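Below are the chains, spelled out letter by letter.
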Amino acid sequence: MSEYPHHIALLGAGTIGLSMLAMHLRRCDTRVTVFDPRPDAENQLRAQLPSFLDTSQSTSSNSNSTPPIQDSSSDTLIDTLISTNRLRLASSIHEAVQNATIIQEQTPELLSSKQALWNEVTHSADTNAHLWSSSSGIPASAQAATCMTDVQARLLIAHPFNPPHVMPLVEIVPSPNTTPDRVTFAQEYFKAIPGPGAEQSYSVTSQSPSTSASASSQHYRPVTLHKEIPGFVGNRLAFALLREACHLVGEGVVSTRDLDAIVTSSLGPRWAGSGVFESYHAGGGEGGIGAFLEKLAPTVKDVWGQLGQPVILTEEERSVRRDGGGDGSEEEDTEKWRKLVVQQTEEAYGVGISAEIKAKKMKMLNGVLEMQKECFGEL
Ligand SMILES: NC(=O)C1=CN([C@@H]2O[C@H](COP(=O)(O)OP(=O)(O)OC[C@H]3O[C@@H](n4cnc5c(N)ncnc54)[C@H](O)[C@@H]3O)[C@@H](O)[C@H]2O)C=CC1
Ligand SMILES: O=C(O)[C@@H](O)C(=O)[C@H](O)[C@@H](O)CO
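Residues numbered from 1 in each chain as written. Chains lettered and ligands numbered in written order. Predicted model: local features only at pLDDT ≥ 70, side-chain atom pairs only at ≥ 80, totals over all residues. Heavy atoms only, no water.

Re the pattern of salt bridges
Then, number 1: Inspection of every chain in the model, using the stated rule, returns 15 salt bridges.
Then, number 2: The partner of Arg27 in a salt bridge is Asp29, and the shortest N-O contact between them spans 2.7 Å.
Then, number 3: By relative accessible area, Arg27 is classed as buried at 5%.
Then, number 4: A salt bridge links Arg46 to Asp79; the nearest nitrogen and oxygen atoms lie 2.6 Å apart. You can see Arg46 sitting in helix α2 (residues 41–52) and its partner Asp79 sitting in helix α3 (residues 72–83), a full 33 residues away along the chain.
Then, number 5: Take Asp79: its relative accessible area is 37%, and that puts it in the partly exposed class. (Salt bridge = Lys/Arg side-chain N within 4 Å of Asp/Glu carboxyl O. Buried < 20%, exposed > 50% of the residue type's maximum accessible area, 1.4 Å probe, protein only. Helix = DSSP H or I, 4+ residues; strand = E, 2+ residues; numbered from the N terminus.)

As structure tokens, then:
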């Protein structure tokens, strides 16, 4: 038996993949083989991963420091992970999945490429490996539609929220063909991953492989959906809010910056402590959410009936319109909101986020999560 019971093949080391890598390495009983075809994959990993690992200052909530630039200690950390067999870089999918017990993909959000990936993976992988997809919204049944039944039984969605090395939610979304034992394994695996800042030495293999976050210190919160639905739950809620936000900006009701201020000075703080239903339950007074819905039904009905339906075009749809001889003016009308949203957001926040701002946002996020644990035990 390997010194590491869990051998994860991580396919795709981009925005989510590298953060997922740091998440997996927080368990002492894992080793991870990474594959990404981009020519600069190793450089990207060496540049990004150290700042996601808890040994750096930038993840602790009391840090004012900006994420460390890559220095020799970062390289040493990566080299030590490699020399202690906790981290390996593969040059092909075939190589990456050899003897993997868990195969997790964070490749581009395209159904066709995910389907091709799973077919390629299952030609080389152990027939008992767990198969996880980080997809933002493509259900497992769609991804596995061109795979054999035994593959469909092992494939599920483990959808993180960015950045997964910090954000507690993992949406576990099985397909109708995913067997219950695979769901249970995924739930228990993520629950046992220590949170950010857990005292952790990534390089010492002398630590016993067993790692389990105690219930009181549980950080990750896998939530399993009962049914598949495109976008799952987190993104459907987020995209519903995004749709109305884009509608309000497109109609000239509010600017993007002021809409963000409305969220961060009300709903954001509220929802950090009480979710949608709990907060309306409290708002309903003695009668709880039942009373809330009764009292507010006329207003809710009126607002629901007037929520915006802004149209968004895919790049393909936009090019078809342009190829059709359109001068873009029809597109401008159809997506009037889009130009305003992009223009106002870039004016408000610039293009690209500075390392200093990223560090401040990370400090705030860690602070909120620490406060949640302090007030409510496990998240
Ligand atoms: N960016 C986000 O906030 C979140 C993204 N996701 C999901 O995670 C997945 C990846 O998204 P990102 O990390 O943002 O994309 P990304 O574009 O940053 O990274 C994708 C990586 O996959 C690599 N890749 C392409 N084909 C590959 C293959 N055949 N095998 C291995 N690697 C391959 C690319 O070189 C790239 O580095 C998507 O399904 C996305 O919906 C999920 C949650 C949040
Ligand atoms: O918001 C998140 O971090 C995730 O729910 C996502 O899936 C991404 O934002 C996604 O919507 C964009 O890649």
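After that view of the structure, there is still more to cover.
Comments concerning the site of ligand 2
Then, number 1: Looking at ligand 2, the residues that line it are Ser136, His159, Pro160, Phe161, Asn162, Asn235 and Phe239.
Then, number 2: The contact in question runs from an oxygen atom of ligand 2 to an N or O atom on the backbone of Asn162, over 2.8 Å.
Then, number 3: Contact with the protein chains covers 58% of the free accessible surface of ligand 2, which is 330 Å².
Then, number 4: Elements that contribute at least two residues to the shell around ligand 2 include exactly β6 (155–160) and α9 (234–250).
Then, number 5: Split by residue class, the shell around ligand 2 holds three nonpolar, four polar and no charged. (Near = heavy atom within 4 Å. Polar contact = N/O pair within 3.5 Å; in protein donor to acceptor, adjacent residues only side chain to side chain. Areas by Shrake-Rupley, 256 points an atom, 1.4 Å probe, with all protein chains shown as cover. Nonpolar A, V, L, I, M, F, W, Y, C, P; charged D, E, K, R; others polar.)

Here we look at the site of ligand 1
Then, number 1: Residues in contact with ligand 1 amount to 21 residues; listed here are only the nearest, Ile16, Asp36, Glu109, Lys114 and Ser136.
Then, number 2: Contacts to ligand 1 include Ile16, whose backbone N or O atom sits 2.9 Å from an oxygen atom.
Then, number 3: Residue Asp36 places a side-chain N or O atom 2.6 Å away from an oxygen atom belonging to ligand 1.
Then, number 4: The fraction of the free accessible surface of ligand 1 (830 Å²) that becomes covered by protein chains is 73%.
Then, number 5: The residue makeup of the shell around ligand 1, split by class, is seven nonpolar, ten polar and four charged.

Looking at the side chain of His24
Then, number 1: Tracing the backbone shows His24 in helix α1 (residues 15–25).
Then, number 2: The residues touching His24, leaving out its near neighbours within four places in the chain, are Ile8, Leu10, Thr30, Val32, Arg86, Gln104, Trp132 and Tyr189. (Contact = heavy atoms within 4.5 Å.)

A look at the packing of aromatic side chains
By convention here, two paired aromatic rings are described through the distance between centres and the angle between planes.
Then, number 1: Per the stated rule, a full pass over the model turns up six aromatic pairs.
Then, number 2: The interplanar angle of 85° and the centroid separation of 5.5 Å between the aromatic rings of Tyr189 and Phe190 together place this pair among those described as edge-to-face.
Then, number 3: Judged by centre distance (4.3 Å) and plane angle (20°), the ring pair of Tyr280 and Phe292 falls under stacked. In this pair, Tyr280 sits in helix α11 (residues 276–283) while Phe292 sits in helix α12 (residues 288–304), placing the two residues twelve residues apart along the sequence.
Then, number 4: When its relative accessible area of 30% is taken as the criterion, Tyr280 is described as partly exposed.
Then, number 5: Exposure remark for Phe292: the relative accessible area of 13% places this residue in the buried category.
Then, number 6: Note that Arg27 overlies the ring of Tyr189, its terminal NZ or CZ placed 4.3 Å from the centroid.
Then, number 7: One residue, Arg257, lies across the ring of Tyr349, its end atom 5.4 Å from the ring centre. (Phe/Tyr/Trp six-rings, centres within 6.5 Å; stacked < 30°, edge-to-face > 60°. Lys NZ or Arg CZ within 6 Å of the ring centre and 35° of its normal.)

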